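# A closer look at the structure
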Amino acid sequence: MQHGKRILLTGATGLIGTKLFPLLCERGYEVVICSRYPEQARAKLPGAAAYLHWAPAESGPWATALDGAHAIIHLAGAPITQGLLGVRWTPAYKAEIRNSRVVGTRGLVNAIAAATQRPAVLISASAVGYYGYSDATPLDETAPPGDDFVAQICVAWEQEAVRAESLGVRVVRLRTGIVLDPHSGALAQLQVPFRMHVGGPIMPGTQYYSWIHPADELGILLLALEDERAHGPFNATAPTPQSNRDFCTTLGEVLDSPAWLPVPEFSLRLALGEMADLVVKGQCVLPARAQALGYSFKYPHLKPALQDLLK
Ligand SMILES: NC(=O)c1ccc[n+]([C@@H]2O[C@H](COP(=O)([O-])OP(=O)(O)OC[C@H]3O[C@@H](n4cnc5c(N)ncnc54)[C@H](OP(=O)(O)O)[C@@H]3O)[C@@H](O)[C@H]2O)c1
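Residues numbered from 1 in each chain as written. Predicted model: local features only at pLDDT ≥ 70, side-chain atom pairs only at ≥ 80, totals over all residues.

### Comments concerning the site of the ligand
The full set close to the ligand counts 26 residues, and Gly 14, Ser 35, Gly 77, Ala 78 and Ser 100 are the nearest of them. Looking at the shell around the ligand, the elements that each hand over two or more residues are helix H1 (15–26), helix H4 (91–114), strand S5 (121–127) and strand S8 (178–179). When its residues are assigned to classes, the shell around the ligand shows 14 nonpolar, ten polar and two charged. (Near = placed C-beta within 6 Å. Helix = DSSP H or I, 4+ residues; strand = E, 2+ residues; numbered from the N terminus. Nonpolar A, V, L, I, M, F, W, Y, C, P; charged D, E, K, R; others polar.)

Set out below in C-alpha cells:
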C-alpha cells in the first residue's frame with residue numbers, strides 16, 4: 001500500500017484513466033484528478049482526493065497540488081481518432097491533437113521546474129506511432145522514430161516530457177499500442193462488421209497491429225510507477241503483435257463469425273483520408289523493456305485476450 005503518496009492524474013476520464021483511477025485508489029495512493037471538466041470527472045470517478053481544473057495552456061491550483069506530489073501520470077490529449085468515423089484530420093484538428101499533447105506536457109514540466117518539492121516520477125503517455133509505419137520487422141525501444149504526422153507528434157510530445165529528467169525526475173515515456181476495449185477505441189470499431197457477419201481483414205492485411213489487453217496496460221503503468229528501474233521509453237504492447245489478417249481471423253473465431261470479406265484500402269482512404277493510415281498501415285512493436293524488468297503478461301496472446309474482453 002502506498003498510503004498518502006499523492007498522484008496527479010490527467011486524462012483520468014479517458015479509456016485508460018478510467019480503469020487506472022480505481023486501481024491507484026485501491027493501492028492507497030491519494031489521487032488528484034486534473035481535468036478540463038472537473039465536475040464531470042467527479043461524477044464519473046467519485047473518490048478522488050480532489051478534482052482540479054486543468055487545461056493544456058493554463059496554470060492553476062493543479063500546479064500547487066503538483067508541488068510535493070509523488071508522481072504525475074499524464075494521459076490527456078485530444079483523441080487521435082474518435083471512432084474511425086468520428087473525426088477527420090482537418091488542419092485545425094491536427095493542430096488540436098498536437099497542441100493538447102505538446103503544450104500540455106510543456107505546462108506540466110514548467111510547473112515541475114517551479115515546484116519546491118518536485119515529484120519523483122513523471123509517466124507521460126506516448127504511442128507506438130512514435131516508430132512510424134513499418135513492416136513485420138520487430139521494433140523495440142531503441143528503434144528510431146518515424147516521420148509521419150503521428151510520429152512527429154510523439155517525438156515532440158516526448159521531447160517535452162524528457163525536459164523533466166534534467167530536473168531530477170524519473171521520466172517514463174509510455175509508448176502504448178492499441179488498447180483493446182470492447183466499448184471504445186479500435187476494438188469497438190473492428191468488431192462491428194464481424195457482429196454483422198460481414199467481417200474481414202483490412203487490406204493489405206500484412207500490416208501489423210501492436211495490441212495490448214487493458215489489464216497489461218495497467219500492469220505496465222504500475223510497473224512504471226513503482227519500479228525505480230523504469231525510465232525512458234517504454235513500450236506498452238503485448239509480446240505477440242499480429243498482422244491484421246491474423247488479428248481479424250482470431251477476432252472472427254472468437255465472435256464465431258468468419259473473416260471472409262476483405263475491406264479494400266481505397267474505400268478506407270475515401271472515407272477517412274490520411275487517417276486511413278492508422279488502419280491500413282501499422283508497426284510490429286515489442287515490449288522489450290517491460291520484459292527486461294520481469295513484467296509477466298496476463299494476456300500475452302491475442303485469442304485469450306479477445307475471449308476475455310468479448311465474452
Ligand atoms: N487508447 C489507446 O489505444 C492508446 C494507444 C496509444 C496511445 N494512447 C495515448 O494514451 C493516452 C490515454 O489514452 P486514452 O485512450 O485513455 O485517451 P482518451 O480516452 O482519448 O482521452 C484521455 C483524456 O484526454 C482529455 N482530453 C480530450 N480531449 C482533449 C483536448 N482537446 N485537450 C486536452 N485534453 C483532452 C480528456 O480528459 P478531460 O476531459 O477530463 O480533460 C480525456 O478523458 C492518450 O494520450 C493517448 O493518445 C492511447
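Once the structure has been displayed, the description carries forward.
### Some words on the pairing of strand S11 (residues 232–236)
Here is the key point about a regular strand: its side chains alternate between the two faces of the sheet. Of all five residues in S11, four are buried; the element is thus mostly enclosed. Relative to S11, strand S7 (residues 170–176) is paired through five bridges, and the arrangement is parallel. What sits directly across from Arg 173, in S11, is Pro 233. (Buried ≥ 20, exposed ≤ 12 C-beta atoms within 10 Å, placed from the backbone. Pairing = 2+ DSSP bridges.)

### Here's the deal with H1
Among the residues of H1, those classed as buried are Ile 16, Gly 17, Leu 20, Phe 21 and Leu 24. For H1, the arc enclosing every buried residue in end-on projection is 130 degrees, short of the 170-degree limit, so these residues lie on one face. On its buried side, H1 packs onto strand S1 (6–10), strand S2 (30–35), S8 and helix H7 (214–226). Two residues or fewer past H1, Gly 28 is found with a positive phi of approximately 90 degrees. (Arc of directions from axis to C-beta. Contact = placed C-beta atoms within 7 Å.)

### A word on the nonpolar core
Core analysis: the largest hydrophobic core is formed by 89 residues, its most contacted members being Ile 7, Leu 9, Ile 33, Ile 123 and Ala 224. In contact with Leu 9, other than residues within four places in its own chain, are Gly 17, Phe 21, Val 31, Val 32, Ile 33, Cys 34 and Ile 73. Grouped together as the second largest cluster of nonpolar side chains are five residues, Ile 202, Met 275, Leu 278 and Val 279 included. (Core = buried A, V, L, I, M, F, W, Y, C linked by C-beta atoms within 7 Å.)

### Some remarks on the packing of H4 against helix H5 (residues 149–162)
One can describe the packing of H4 onto H5 by two numbers: an axis separation of 8 Å at closest approach and a directional angle of 10 degrees. As summarised for this structure, H4 and H5 are arranged roughly parallel, according to the angle between their axes. Contacts between H4 and H5 pair Lys 94, Ile 97, Arg 98, Arg 101, Val 102, Thr 105, Arg 106 and Val 109 from the former with Phe 149, Ile 153, Ala 156, Trp 157, Glu 160 and Ala 161 from the latter. Residues that form the contact of H4 with H5 fall into these classes: eight nonpolar, one polar and five charged. (Axes fitted to C-alpha atoms, helices over the stretch in contact; angles between N-to-C directions. Parallel < 35°, antiparallel > 145°, perpendicular 65-115°, else oblique.)

### Quick word on the sheet that holds S2
A sheet is described by the order of its strands in space; here seven strands give the open sequence S3-S2-S1-S4-S5-S7-S11, paired in parallel fashion. Looking at the sheet topology across the chains shown, the edges are occupied by strand S3 (50–53) and S11. When strand polarity is set aside, the average angle formed by the axes of neighbouring strands in this sheet is 20 degrees.

### Concerning unusual backbone geometry
With an omega of 15 degrees, the peptide bond running from Met 203 to Pro 204 counts as cis. Even without being a glycine, His 197 presents a positive backbone phi close to 60 degrees. On the secondary structure map, His 197 appears in the loop between helix H6 (186–195) and strand S9 (208–209). The residue Asp 256 is not glycine, and still its phi comes out positive at about 55 degrees. Mapped onto the elements of the fold, Asp 256 is located in the loop between helix H8 (244–254) and helix H9 (265–272).

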